[in-house]
Amino acid sequence: MTTSQYVKSTPRRGSASWMGRRIAARIGMGAVLVCANVATLHAAVDPRPGEPGHDAALYEAGSAPVPKIYPLQDFFRNPERDFFQLADDGKTLGYMQPVSLDGQPARMNIFVQALENAKPVGEARRLTSETARDISFFFWKGNDIVLYQKDFGGDENFHVVAVNVRSGAVQDLTPYDGASAVIIDDLPDHPDHVLIQHNHRDPQVFDVYRVNVHTGASDLVAQNPGDVIGWVTDHAGKVRAGVSSDGLNTTLLYREDEATEFTPLITTDYRTSIQPHLFTPDNRKLYALSNRGRDKLALVIIDPAQPEEETIVFAIDEVDLGGVGYSPKQRKLTHVSYHTDKPHRHFVDHETESQYRQLEQKLPGYHIALISENREEDTYIVATYNDRTPGARYVFQATTGALYKLGDINPAIREVDMAPVAPIRYVSRDGLDIHGYLTLPAGRTPRNLPCVIHPHGGPWERDYWGYDAEVQFLANRGLCVLQMNFRGSTGYGRKFWEASFGQWGRAMQDDITDGVRWLIDQGIADPARIGIYGGSYGGYATLAGITFTPDLYAAAVDYVGVSNLFTFMNTIPPYWKPMLDKMHVMVGHPERDRERLAATSPALHVDRIRTPLLIAQGANDPRVNKAESDQVVQALNARGVEVQYLIKDNEGHGFQNEENRFEFYAAMEAFLRMHLKPDTESVLHAESGDAATDIQ
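Residues numbered from 1 in each chain as written. Predicted model: local features only at pLDDT ≥ 70, side-chain atom pairs only at ≥ 80, totals over all residues. Heavy atoms only, no water.

Draft legend 1. View of the sheet that holds strand E23 (residues 343-347). Overall, antiparallel pairing links the three strands, which are arranged E21-E22-E23 in an open sheet. The open sheet has two edge strands with one neighbour each: strand E21 (321-327) and E23. Strand-to-strand twist in this sheet, taken as the mean axis angle between neighbours without regard to direction, amounts to 25°. Note that E21 and strand E22 (residues 332-339) share six bridges and pair antiparallel. Looking across to E22, one finds that Ser327 is bridged to Lys332. Against the sheet, helix H5 (residues 350-362) touches E22 and E23, its axis set at about 140° to E23. (Pairing = 2+ DSSP bridges. Helix = DSSP H or I, 4+ residues; strand = E, 2+ residues; numbered from the N terminus. Axes fitted to C-alpha atoms, helices over the stretch in contact; angles between N-to-C directions. Contact = heavy atoms within 4.5 Å.)

So this is what it looks like as structure tokens:
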């Protein structure tokens, strides 16, 4: 589950935001990735039922050899090395790798290594000693400090921790129990400070502090009056803009400097989105993604002197724009990104476009992303990936064109053995185009296959085309996987998003059901062997699917999913409460909409459930409380219905620790094998001695 939240700050050249530049994406760990390589069957699967091209696509999908079965650990283990980041001077490389300390399970920790001419030299040195949970990301502050965030057992109460690369000294910059902190600006021109927001003063809102990375001393920069849900800094690191909300109306705030009060510029209702991303190079105006007066988000300039007018920089009719790249060194925009069925960039800077074209020539067949750079913007970390591999990482010197490979993210799995991910489209029962992705298991004739329906979480997010370890794991087991961007999925414009309001368990669920019917009508799915698996909102959709369409699914896996819309909204984190009125409109009000919420809460209708069910839940989940899973399990047990229930006391909204992931996916594999009975022919093709999993 997600809600509108929080930071917008200064974007860099290779990403849509500061967080994008510093964190990039967990593209080695099964996150849904943005990729651009087309595999054989993609172009032909898009036709609607009955249109030419579909049969040809099915023929091609089944023409590949059956790949071997890879051990599930190969899909879900931590990468050997990943999350590469450059120090500001480009002379030191930081990265993470798993290491076991004091006999504890291996955790992702931070290492550093010297760079010379874009190549690592000397011995790598470990900086951190985390044993309870993996570090999820880190970034450099200058050349001597590394910053990372850590929570405790998945509670999402993140602390910001600084490590001195030279001395090894560790400093918790936000040592506040029960508070959650995040860096909003690394202040590259201020060597000793960063800007951090946290909710220590008031659990419901976030204030901004300027924090000394050596001592932890902090000064209040912006105190939240109680309704600000996002802050924006200018290129000098000053907090100059913000977004406030009363729950239903949103206001863009602005001030000339930090000594003056914020004044409202624009107020809109919650259906209109104005997302300030960064200031113009002169710090006088704002770049924003806005759908004011239009259906799709466009990149615009807003002048505080004339806030009612927008200057459009770039817009397309098909989808929302997704992000903006910016070069601090050149002080200009570099590109705009967006995603149709596949990812795209619109370049506004010739030099940036030339760099990407040069890298695409050197690394054909892969999508390219610049995920880190030094301050001179002449040395980069390059990520490559596509729909069948998390790819590799390189150091690239722009001045010489030198490219040094740091390593593959997952060398255990051969790209050729993974399945293509095909964009598809079908029409809902009320006439909406529903876009999605179909992954057919390689080497199987795509007729009467066991299939897994995999709705995404959010629900106001979307699935993207690219590498997904879960999808490839299921396909490797002989299962086809259908992902759909049901109504409400973001990126398709305001009207499509608004069509989801009040439709949990209703039209949103119908879109999923219609996808199942489409898959059956195409002859791809065996109607008796269809399962459903989802996490968070996808877990709700899983429970709703087996509650309200009990004859449709032969198996279901609910991962940290909502079951009761009343209890869910009563147990949200305190920092979601400013948005509760909006949730009441978009999901439902517990009083005004009581009848509808009761009718669409699976936990209140477990007497209808007869599909075999596996539930996984983190005990410390702050978004979807453990009680959401408990009440379903207890009600089913009271009926004498068996349900498999996997609880982890050291996890939250999803399983982060490697050993817990292994246990969950092993349970899911055995469960789906029992109830969907996938083809096991490929076991015969596994190489002897490779510890391939026997699914017979």
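Let's pick the thread back up.
Draft legend 2. Expanded view of the pattern of salt bridges. According to the stated counting rule, one finds 32 salt bridges in the structure shown. The closest approach of N and O atoms between Lys150 and Glu130, which form a salt bridge, is 3.1 Å. Taken together, the residues Lys150 in strand E6 (residues 145-150) and Glu130 in the loop between strand E4 (119-126) and strand E5 (138-141) connect sequence positions 20 residues apart. Two residues, Arg271 and Glu498, come together in a salt bridge whose shortest N-O distance is 3.5 Å. You can see Arg271 sitting in the loop between strand E16 (263-269) and strand E17 (274-279) and its partner Glu498 sitting in helix H7 (residues 494-498), a full 227 residues away along the chain. Glu498 sits in the partly exposed class, given a relative accessible area of 23%. (Salt bridge = Lys/Arg side-chain N within 4 Å of Asp/Glu carboxyl O. Buried < 20%, exposed > 50% of the residue type's maximum accessible area, 1.4 Å probe, protein only.)

Draft legend 3. Spatial organisation of the sheet that holds E17. As summarised here, the arrangement of the four strands in space is E17-E18-E19-E20, forming an open sheet in which the pairing is antiparallel. Edge positions in the sheet fall to E17 and strand E20 (310-314), since each has one partner strand and no second. Ignoring strand direction, the axes of neighbouring strands in this sheet form an average angle of 35°.

Draft legend 4. Representation of the nonpolar core. Ile453, Trp504, Leu519, Tyr553 and Leu613 are the most contacted members of the largest nonpolar core, which totals 60 residues. Of all the elements, helix H9 (residues 537-548) adds the most residues to this core, at six residues. Among residues more than four places away in sequence, those in contact with Ile453 are Leu482, Met484, Ile512, Val516, Leu519, Ile530, Gly531, Ile532, Tyr533 and Tyr553. Membership of the second largest hydrophobic core comes to 31 residues, among which are Phe75, Val471, Phe473 and Phe662. (Core = buried A, V, L, I, M, F, W, Y, C linked by side-chain atoms within 4.5 Å.)

Draft legend 5. Layout of the state of the cysteines. Scanning the model with the defined rule gives one disulfide in all. The partner cysteine of Cys451 in its disulfide is Cys480, sulfur to sulfur 1.9 Å. Since a negative S-S torsion denotes a left-handed disulfide, the Cys451-Cys480 link at about 115° is right-handed. A residue pair is termed long-range when its members are at least 10 positions apart, and Cys451 in strand E30 (residues 449-453) and Cys480 in strand E31 (residues 480-485) qualify at 29 residues. No difference in accessibility class separates Cys451 from Cys480, as the two residues are buried. (Disulfide = S-S within 2.5 Å.)

Draft legend 6. Representation of the side chain of Asp185 within the structure. Summarising the element assignment, Asp185 is placed in strand E9 (residues 181-185). Residue class for Asp185 comes out buried when judged on its relative accessible area of 2%. Within the structure, Asp185 has its side chain in polar contact with the backbone nitrogen of Leu187 (distance 2.8 Å). (Polar contact = N/O pair within 3.5 Å; in protein donor to acceptor, adjacent residues only side chain to side chain.)

Draft legend 7. Region of the structure containing helix H8 (residues 507-521). Over its 15 residues, H8 runs 20 Å from end to end, which matches the ideal 21 Å to within 8%, given 1.5 Å per residue. Burial runs high along H8: 11 of the 15 residues are buried. The complete set of buried residues in H8 reads Ala507, Met508, Gln509, Asp511, Ile512, Thr513, Asp514, Gly515, Val516, Trp518 and Leu519. As for H8, its buried residues are in contact with strand E28 (421-427), strand E29 (433-439), E30, E31, strand E32 (525-535) and H9. Immediately beyond the C-terminal end of H8, within one or two residues, lies Gly523, with a positive phi of roughly 80°. (Expected span 1.5 Å × (residues − 1).)

Draft legend 8. Spotlight on unusual backbone geometry. Note that the residue after Gly458, namely Pro459, is joined by a cis bond; omega there is 0°. Here Pro459 is to be found in the loop between E30 and helix H6 (469-476). Despite not being glycine, Phe83 has its phi angle at roughly 60°, a positive value. Inspection of the secondary structure puts Phe83 in strand E1 (residues 82-86). Phi is positive for Lys677, close to 50°, though the residue is something other than glycine. Counting through the fold element by element, Lys677 comes out in the segment after helix H14 (658-676). Residue classification places Lys677 among the exposed positions, given a relative accessible area of 53%.

Draft legend 9. Up close: the confidence of the model for the chain. Residues at a pLDDT of 70 or more form 89% of the chain, whose mean pLDDT is 89. For the stretch residues 2-59, pLDDT sits under 50, and the model shows 207 contacts to residues farther than four places along the chain or on other chains. (pLDDT = per-residue confidence, 0-100.)

Draft legend 10. Structural context of the packing of H6 against H14. With their axes 12 Å apart at the nearest point, H6 and H14 run at an angle of 35° to one another. As H6 runs across H14, the sense of the crossing is right-handed. Contact residues: H6 offers Glu470, Phe473 and Leu474, while H14 offers Tyr665, Met668, Glu669 and Leu672. Considered class by class, the residues forming the contact of H6 with H14 number five nonpolar, no polar and two charged. (Left-handed = near helix turned anticlockwise from the far one by under 90°. Nonpolar A, V, L, I, M, F, W, Y, C, P; charged D, E, K, R; others polar.)

Draft legend 11. Spotlight on the pairing of E21. Along E21, six of the seven residues are buried, which leaves the element largely enclosed by surrounding structure. Here E21 folds back onto E22, and the loop between the two strands holds four residues, one of which, Arg331, carries a positive phi near 55°.

Draft legend 12. Region of the structure containing the environment of Ile532. Assignment of secondary structure puts Ile532 in strand E32. Ile532 gets classed as buried once you look at its relative accessible area, which sits at 1%. Considered as a pair, Ile532 and Gly545 are 13 residues apart in the sequence and their alpha carbons are 7.9 Å apart.

Draft legend 13. View of the pairing of strand E25 (residues 379-386). Counting buried positions over the eight residues of E25 gives eight, a clear majority of the element. By the alternation rule, side chains of E25 split into Thr379, Ile381, Ala383 and Tyr385 and Tyr380, Val382, Thr384 and Asn386, which are all buried. Where strand E24 (residues 367-373) and E25 come together, six bridges link them in antiparallel fashion. The residue bridging Ser372 from the neighbouring strand is Ile381, located in E25. Sheet topology note: the E25/strand E26 (residues 389-397) ladder contains seven bridges and is antiparallel. Bridge pairing links Val382 to Tyr394 in E26.

Draft legend 14. Molecular detail of the packing of H8 against H9. Axis separation between H8 and H9 bottoms out at 11 Å; the angle between their running directions is 75°. In terms of axis orientation, H8 runs roughly perpendicular to H9. Of the residues in H9, those touching H8 at Met508, Gln509 and Ile512 are Tyr537, Ala541, Ala544 and Gly545. When the residues that make up the contact of H8 with H9 are grouped by side-chain class, the tally is five nonpolar, two polar and no charged. (Parallel < 35°, antiparallel > 145°, perpendicular 65-115°, else oblique.)

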